[in-house]
Protein chains: 2
Amino acid sequence: MPTVSSEELAAAAGVNSAKLRKDFSYLGSYGTRGVGYDVEYLVYQISRELGLTQDWPVVIVGIGNLGAALANYGGFASRGFRVAALIDADPAMAGKPVAGIPVQHTDDLEKIIDENGVSIGVIATPAGAAQPVCDRLVAAGVTSILNFAPTVLSVPDGVDVRKVDLSIELQILAFHEQRKAGEEAEAQAGAAAPAERGDQGEGPDGDVPAVMPA
Amino acid sequence: MPTVSSEELAAAAGVNSAKLRKDFSYLGSYGTRGVGYDVEYLVYQISRELGLTQDWPVVIVGIGNLGAALANYGGFASRGFRVAALIDADPAMAGKPVAGIPVQHTDDLEKIIDENGVSIGVIATPAGAAQPVCDRLVAAGVTSILNFAPTVLSVPDGVDVRKVDLSIELQILAFHEQRKAGEEAEAQAGAAAPAERGDQGEGPDGDVPAVMPA
DNA sequence: ATGTCTTTGTGAACGCGTGCACAAAGATGG
DNA sequence: CCATCTTTGTGCACGCGTTCACAAAGACAT
């Protein structure tokens, strides 16, 4: 029986082994003292808790470049997601297959949601179309929405929305990039740095504002 | 002079006003007591600190559906990012314009990076091509990489990598979706829930494991 | 000028999550 | 069957970030 210790896993993941054990203990006591965790069983338990063992039918609305990229994305199937349907407002797209799945017209949205028992919807439409599409999804029974459109969606209570802004990650990189450049300049110029900001010493991330994601 | 108080902003953002003031104080003392913050000046200061006032030339490598979607994404320009070049390994793509920018061949990668002073690269290639592309970007002087390919990239110290996994957000939604369903079932069935897990009471997010992003 | 009123900026307290450290549990060997 | 060794599971303490609460600062009216 192949096993792993919390120590090995912690080293591999770069975290503290005690924290890892505490997190695992949430799943129950699946480890064996003096031995470690049964790999296969552990993987199964984590998968189950995360919902990876379930089948999640999803619909993607808005089959532009991004919608097509999502439809083709291989990572979905392995994580329990099944693209139940692709939906687009353009009649010219209807019937055309993308990633092996025929695109259907927005008119049939409600029917598609209902027939496939879809509870998760992905919006990859232009900004203007997002809210109306969202409303129709919710009305049809969708309770979780992944929004790629650059708009804040308003939904009734009980519906989860997650907004993905592709430029936020770039912004985080640029922020760190700027700090790299800034530190070099300060190291060189010394007195050139304005005192106004009140730097309170260094540390790897000491002066990163709290509003900035790590 | 249009102003906002920390209280108004906090209410709009759904956070504590004291925290907001403390975060702002990182930028210096730009507020006026009894009045609030000068909107225009505040926006400028935040933009500057976040690096939004700088011009960040970026290259996108791998012009498939996702690369094209990124190239067309409107949110970049408004945040200080300028797509300096699109690069693809397919010779048939070379010269073809995507989002008004002609695609260039991978052979010229180093020259493009150098001539445009690019320090941020976006990888939207298939998994297999990601690491080699990454190596070449780094060798050419790129110090920040945004990786959309489903691979963990290894880079030398001093280079930042951020990995975007489009299915992670879906997984988070599915996790919450599962919990919704689970709670309903428990509420109905009562004793049907296994005691093994040791639920320690309720609370909106009380039993969400720490490993799960909020 | 002086007083009142609003809102900032921040010291101090609180609470929560992380990490330490150890007892309990089980394997393994003699 | 007992001793020893390894690794888990967790109580406890520490540290950090959030929040409270208030003094200081400035606007504005009289």
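Starting from 1, residues in each chain are numbered consecutively following that chain's sequence as written. Chains and ligands are labelled by the order in which they are written, letters from A for the one and numbers from 1 for the other. Reporting in this predicted model follows two pLDDT cut-offs: at least 70 for local features of residues, and 80 or more for side-chain atom pairs to be given and counted; totals over whole chains, interfaces and linings ignore these cut-offs and use all residues. Just so you know, side-chain values use all the structure's heavy atoms and leave hydrogens and water out.

**Focus on the protein's contact with DNA strand D**
What counts, and what does not: We define proximity as follows: a residue is near a molecule or strand when any one of its heavy atoms falls within 4 Å of that partner. Under this definition, polar contacts are N or O atom pairs within 3.5 Å; protein pairs additionally need one hydrogen-donor-capable and one acceptor-capable atom, and for neighbouring residues in sequence, both atoms have to be side-chain atoms. Secondary structure elements are defined from DSSP: runs of H or I of at least 4 residues count as helices, runs of E of at least 2 residues count as strands, and each element is numbered from the N terminus. Residue type decides the class: Asp, Glu, Lys and Arg count as charged, Ala, Val, Leu, Ile, Met, Phe, Trp, Tyr, Cys and Pro as nonpolar, and the leftover types, Gly among them, as polar.
By nearness alone, 21 residues border DNA strand D, and Ser6(A), Arg21(A), Tyr37(A), Lys22(B) and Arg33(B) come closest of all. Considering the 4 Å shell around the protein, atoms of DNA strand D inside it are sugar or phosphate in 57% of instances. Here Arg21(A) contributes a side-chain N or O atom positioned 2.8 Å from a base nitrogen of DNA strand D. Put simply, the parts of the chain that give the surface near DNA strand D at least two residues each are helix 2 (17-25), strand 2 (31-32) and strand 3 (36-38) of chain A together with helix 2 (17-25) of chain B. In terms of residues, the surface near DNA strand D owes the most to one element, helix 2 of chain B, which gives 4 residues. When the residues that make up the surface near DNA strand D are grouped by side-chain class, the tally is 5 nonpolar, 9 polar and 7 charged.

**Here's the deal with the side chain of Asp88(A)**
Residues and elements named next belong to chain A. To keep things clear, this is the line we draw: Partly exposed describes any residue whose relative accessible area lies between the buried limit of under 20% and the exposed limit of over 50%, with all areas from a 1.4 Å probe on protein chains only and scaled to the type maximum. His is not counted, nor are the chain ends, whereas Lys and Arg count as positive and Asp and Glu as negative. Any carboxyl oxygen of Asp or Glu that lies within 4 Å of a side-chain nitrogen of Lys or Arg is treated as forming a salt bridge with it. Any two residues whose heavy atoms approach within 4.5 Å are treated as being in contact.
Relative to the assigned elements, Asp88 resides in strand 5 (residues 81-88). For the buried Asp88, no salt bridge is present, and the opposite-charge side chain at shortest range is Lys96, 9.2 Å distant. Here Ile63 takes part through its backbone nitrogen, which lies 2.6 Å from a polar atom of the side chain of Asp88. Here Asp88 is in contact with Gly62, Ile63, Gly64, Met93, Val103, Gln104, His105 and Thr106, once residues within four sequence places are set aside.

**Looking at the nonpolar core**
Quick reminder of the rule: The definition of a nonpolar core used throughout is a set of buried Ala, Val, Leu, Ile, Met, Phe, Trp, Tyr and Cys residues joined through side-chain atoms within 4.5 Å.
If you look at the biggest cluster of nonpolar residues, it comprises 56 residues, and the most contacted ones within it are Leu70(A), Leu86(A), Leu170(A), Leu70(B) and Leu86(B). In this view, Leu70(A) contacts Ile60(A), Phe76(A), Val122(A), Ala124(A), Phe148(A) and Leu166(B); residues no more than four positions away in its chain are not counted.

Spatial relationships are all this shows, so hold off on functional conclusions.
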